[in-house]
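# Chain and residue survey
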Amino acid sequence: MTDTHSQDSSSNQAPQRTPFYQSHIDSEGKLVDFSGWELPIHYGSQIEEHEAVRTDAGMFDVSHMVVTDIKGADTKAWLQKLLANDVNKLTTAGKALYSGMLNEQGGVIDDLIVYLMNAEETEYRIVSNAATRDKDLAQFNKVAEGFNIMITERPELAMLAVQGPNAIAKLAQAKPSWADTLATLKPFVGADLTDIEGTDWFVARTGYTGEDGVEVIMHADDAPAFFEQLKANGIKPAGLGARDTLRMEAGMNLYGHDMDETISPYECNMGWTLALKDDRAFVGREALVSKRKQSKEYNTAMKQVGLLLTTRGVLREGMTVTINQGTDNEQTGIITSGTFSPSLKNSIAIARVPASLSEDDSVQVDLRGKGKFVDVRVLKLPFVRNGKQQFDS
């Protein structure tokens, strides 16, 4: 699932605290203001937390993300208008769908996950980003006009992501009564745990790290004890720093960086989420189709790629990517996310570049803004998935 590092500059209020706040303090987490929430950047070593998720199991507090439940006879029809992906793909209770929610111009208001919560297709759950909360809820309500639905935000819920190759096994060890449910849970499917744990417990095989694992939703009152239970079973607390390097290695977008309301899904590797084969009139469809046609006609289309720097230095967001520098065919792109990859021991980046970029083109980045260009390797995302490098050395 996606997250966001964008700060809410409209508010000068003290940051909010999640139900895991004391758990972070007790685990010696270094807390920072993140999208208006006080969350751990690390618990001592970002590298160790990254490695724990890649090789074993780690857990992240993602309670700042927004959980919204929608009920009513028109819920499915509302989602068909709201989202660019097609909720008809959700055929069984618990199944999840990743989608962009677009504006009328075809830009991405937010990317989110929607779950079908009942077989009657009258109840759904949306998990969306923290920094886009206000505009997301405004869009939900704007599109809801004329639909018979009830939209309920669930701020009383907490959410913990448990990720890594041993995440499922260690979670089953901590919660033996969940073992059968976890063993049969397929990727991008969730399960209501009411019959096992009581009200408000939900587990889904989703995540934002490129590793196996789940995201668990529970009532805030149950959160601290659950955190301690997982910690006691060898699941390492991990902070926002590791979360960012993990998602970058996995080639996953960060809202407000790799895409926003000015960026088309085609420009941020979300074209696969667009359901355009039928005539469904979702918000932004007409603009999306029109702009796509124009960009092809005028050769202005952009695409998303990965960049690998094999020399010293770090690729950073905002750096210009230069293609065929100094030639008649010189073009430019931009790095939208950049970091040092703990798994690859080199710097990596996600970049938006001209769609015409080919293997024959030379690609360089001016690391220090002083005209000293260094070669970078262009790769198809992701860099790392399930602990393994995804490209030839």
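All of these numbers come straight from a predicted model, not from anything done at the bench.

### Let's talk about the nonpolar core
- Judged by nonpolar contacts, the single largest core of 30 residues is most densely connected at Phe60, Val62, Leu102, Tyr115, Val127, Ile217 and Met259.
- Looking at this core, the elements that each hand over two or more residues are β6 (96–102), β7 (108–116), β10 (157–163), β12 (202–204) and α9 (240–249).
- Residue contacts for Leu102: discarding those within four places in its chain leaves Leu82, Ala84, Gly107, Val108, Ile109, Gln139, Pro265, Leu274, Phe282, Val283, Gly284 and Leu288.
- Counting residues in hydrophobic clusters, the runner-up holds 28 residues, among them Ala57, Trp178, Val189 and Ile235.

### Some words on the UniProt feature "domain: Aminomethyltransferase C-terminal" (unreviewed entry) in the protein chain
- UniProt marks residues 303–384 with the feature "domain: Aminomethyltransferase C-terminal" (unreviewed entry), using the numbering shown here.
- The span residues 303–384 is 0% helix and 51% strand, and its two end C-alpha atoms sit 20 Å from each other.

### Observations concerning the pairing of strand β16 (residues 320–323)
- Inspection of the sheet shows β16 paired to strand β17 (residues 331–341) by 4 bridges, in the antiparallel sense. By the bridge assignment for β17, Thr322 is matched with Thr332.
- Summarising the sheet, β16 and strand β19 (residues 363–366) pair through 3 bridges and their orientation is antiparallel. From the neighbouring strand, Ile323 faces β19, where its bridge partner is Val363.

### Notes on the packing of aromatic side chains
- By the definition in use, this model includes 7 aromatic pairs.
- Pairing Trp178 with Trp201 gives two aromatic rings, centres 5.6 Å apart and planes at 70 degrees, and the pair type is edge-to-face. In this pair, Trp178 is assigned in the loop between α5 (167–174) and α6 (179–184) and Trp201 in the loop between α7 (194–197) and β12, connecting sequence segments 23 residues apart. Taken individually, Trp178 and Trp201 each receive the classification buried, so the pair is uniform in this respect.
- Three or more aromatic residues joined by ring pairs make a cluster, and in this case those are Trp178, Trp201 and Phe226.
- In this structure, Arg17 is placed above the aromatic ring of Tyr21, and the distance from its NZ or CZ to the ring centre is 4.0 Å.
- Taking the ring centre of Trp201 as reference, the NZ or CZ of Lys175 above it sits at 5.3 Å.

The rules behind these values
- Residues numbered from 1 in each chain as written.
- Predicted model: local features only at pLDDT ≥ 70, side-chain atom pairs only at ≥ 80, totals over all residues.
- Heavy atoms only, no water.
- Core = buried A, V, L, I, M, F, W, Y, C linked by side-chain atoms within 4.5 Å.
- Buried < 20%, exposed > 50% of the residue type's maximum accessible area, 1.4 Å probe, protein only.
- Helix = DSSP H or I, 4+ residues; strand = E, 2+ residues; numbered from the N terminus.
- Contact = heavy atoms within 4.5 Å.
- UniProt positions renumbered as here; feature names shortened; annotations may be inferred.
- Pairing = 2+ DSSP bridges.
- Phe/Tyr/Trp six-rings, centres within 6.5 Å; stacked < 30°, edge-to-face > 60°.
- Lys NZ or Arg CZ within 6 Å of the ring centre and 35° of its normal.

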